[in-house]
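Chain by chain, the residues:
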Amino acid sequence: MSGMGESGKDSATEMSFALHSAARLLRRNFDRRARDHGLSDARWQVLWHLTREQGLKQTALAGRLEIAPISLARLLDKLQGEGLVERRPDPQDRRCFRIYPTDLAQPAMALLGDLAEETRNHALDGFTAAEIGQLQALLGRLRKNLIGEEIECD
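These numbers were taken from a predicted model, which means no experiment stands behind them. Throughout, a residue's number is its position along its own chain's written sequence, starting from 1. Where local features are concerned, this predicted model is filtered to residues with pLDDT of at least 70; where side-chain atom pairs are given and counted, the filter is 80 or more; whole-chain, interface and lining totals use all residues. Side-chain numbers come from the whole structure's heavy atoms, not from hydrogens or water.

> If you had to explain the pattern of salt bridges to someone new, which residues and values would you point to?
Think of a salt bridge as a Lys or Arg side-chain nitrogen and an Asp or Glu carboxyl oxygen that are within 4 Å of each other. Following the criterion strictly, the structure yields 10 salt bridges and no others. Linking Arg87 and Asp77 is a salt bridge whose minimum nitrogen-to-oxygen distance equals 2.9 Å. Placement of the pair is Arg87 in strand β2 (residues 85–90) and Asp77 in helix α4 (residues 69–81), with a sequence separation of 10 residues. Among the charged side chains, a network of salt bridges with common partners joins Arg27, Asp31 and Asp41. Each helix corresponds to a stretch of at least 4 residues labelled H or I by DSSP, and each strand to a stretch of at least 2 residues labelled E; elements are numbered beginning at the N terminus.

What follows is the structure, encoded as structure tokens:
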């Protein structure tokens with residue numbers, strides 16, 4: 001965005017704040033809905049990631065959640081004690097465990113999908129299908145730019 005005038009920089013700054021605020025509000029809205037069903041943010045986040053990708057290594061799951069591995073270990077101990085997740089040894093690396101949801105977690109995982117849809121529907125109320133597609137494409141480009149920078153810094 002080099003060569004951008006002062007008003008362009010102001011617009012980009014406002015866009016950054018609006019994007020951050022919208023993401024924060026989406027998360028808070030979903031957190032509230034989940035809390036109403038007895039799912040704390042830490043609990044639903046673990047189950048949500050396992051809904052999308054079962055068998056994650058414990059370290060990879062900690063990275064996705066952006067929490068310290070020791071914090072995740074304590075949370076997994078609780079979830080395992082409740083029978084919601086299980087740790088299985090990684091067949092390729094005996095030092096690692098992979099995390100799987102149990103059958104007892106399935107109702108909570110289905111509920112999370114319903115709550116996510118409810119949250120999205122609320123957030124996108126009044127948007128046309130074309131606007132949603134445009135928003136998705138623009139955010140995809142933005143993510144691609146940021147992911148490229150993340151890869152370069154690793």
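> Which residues make up the sheet that holds strand β3 (residues 93–101), and what values go with them?
Note on pairing: DSSP must find at least two bridges between two strands before they are called paired. An order of β1-β3-β2 is seen for the 3 strands of this open sheet, with the pairing classed as antiparallel. Of all strands in the sheet, those with a lone pairing partner are β1 (56–57) and β2, marking the two edges. Taken together, the 2 bridges between β1 and β3 define a ladder with antiparallel strand orientation. Bridge pairing in β3 links Leu56 to Ile99. Across the face of the sheet, α4 comes into contact with β2 and β3 while running at roughly 120° to β2. In what follows, a contact means two residues having at least one pair of non-hydrogen atoms within 4.5 Å. Orientation is described by axes fitted as lines to C-alpha atoms, over the contacting stretch for helices, and by angles from 0 to 180 degrees between their N-to-C directions.

> Please give an account of the nonpolar core that cites residues and values.
In this structure, Phe30, Val46, Leu47, Leu61, Leu72, Leu76 and Val85 are the most contacted members of the largest nonpolar core, which totals 24 residues. Within the residue set of this core, elements represented by two or more residues are α1 (6–35), α2 (41–52), α3 (58–65), α4 and α5 (106–123). Broken down by element, the residue count for this core peaks at 5 residues, all from α5. Here, the term nonpolar core denotes a set of buried Ala, Val, Leu, Ile, Met, Phe, Trp, Tyr and Cys residues that are joined through side-chain atoms within 4.5 Å. For every residue, the accessible area obtained with a 1.4 Å probe (protein chains only) is divided by the maximum for its type, and the residue is called buried under 20%, exposed over 50%, and partly exposed between those limits.

> Give a description of the confidence of the model for the chain that names residues and reports values.
Looking at any residue, its pLDDT shows the predictor's confidence there, from 0 to 100. Across the chain, the average pLDDT comes to 88, with 91% of residues at 70 or higher. Averaged over each element, pLDDT in the chain is lowest for helix α6 (residues 129–153) (86) and highest for β2 (94).

> Can you lay out the packing of α2 against α3 for me, pointing to particular residues and giving the numbers?
At a minimum axis distance of 11 Å, the contact between α2 and α3 shows a crossing angle of 120°. The hand of the α2/α3 crossing is right-handed. Here Gln45, Val46 and His49 of α2 lie close against α3, whose contacting residues are Leu61, Arg64 and Leu65. For any helix crossing, the convention is left-handed if the near helix is rotated counterclockwise from the far helix by under a right angle, and right-handed if that rotation is clockwise.

> Break down the environment of Glu86 for me, citing the residues and quoting the values.
Tracing the backbone shows Glu86 in strand β2. Taking relative accessible area as the criterion, Glu86 reaches 29% and is therefore assigned partly exposed. Placed 10 residues apart in sequence, Glu86 and Leu76 show a C-alpha to C-alpha distance of 8.3 Å. Think of a polar contact as two N or O atoms within 3.5 Å of one another; within protein, one of them needs to be a possible hydrogen donor and the other a possible acceptor, and neighboring residues in sequence only count if both atoms come from side chains. Reaching out from Glu86, the side chain makes a polar contact with the side chain of Arg88 at a distance of 2.6 Å.

> Any chance you could break down unusual backbone geometry for me, citing the residues and the numbers?
One non-glycine residue, Glu66, lies in the positive phi region at around 55°. Classification of Glu66 as exposed rests on a relative accessible area of 72%.

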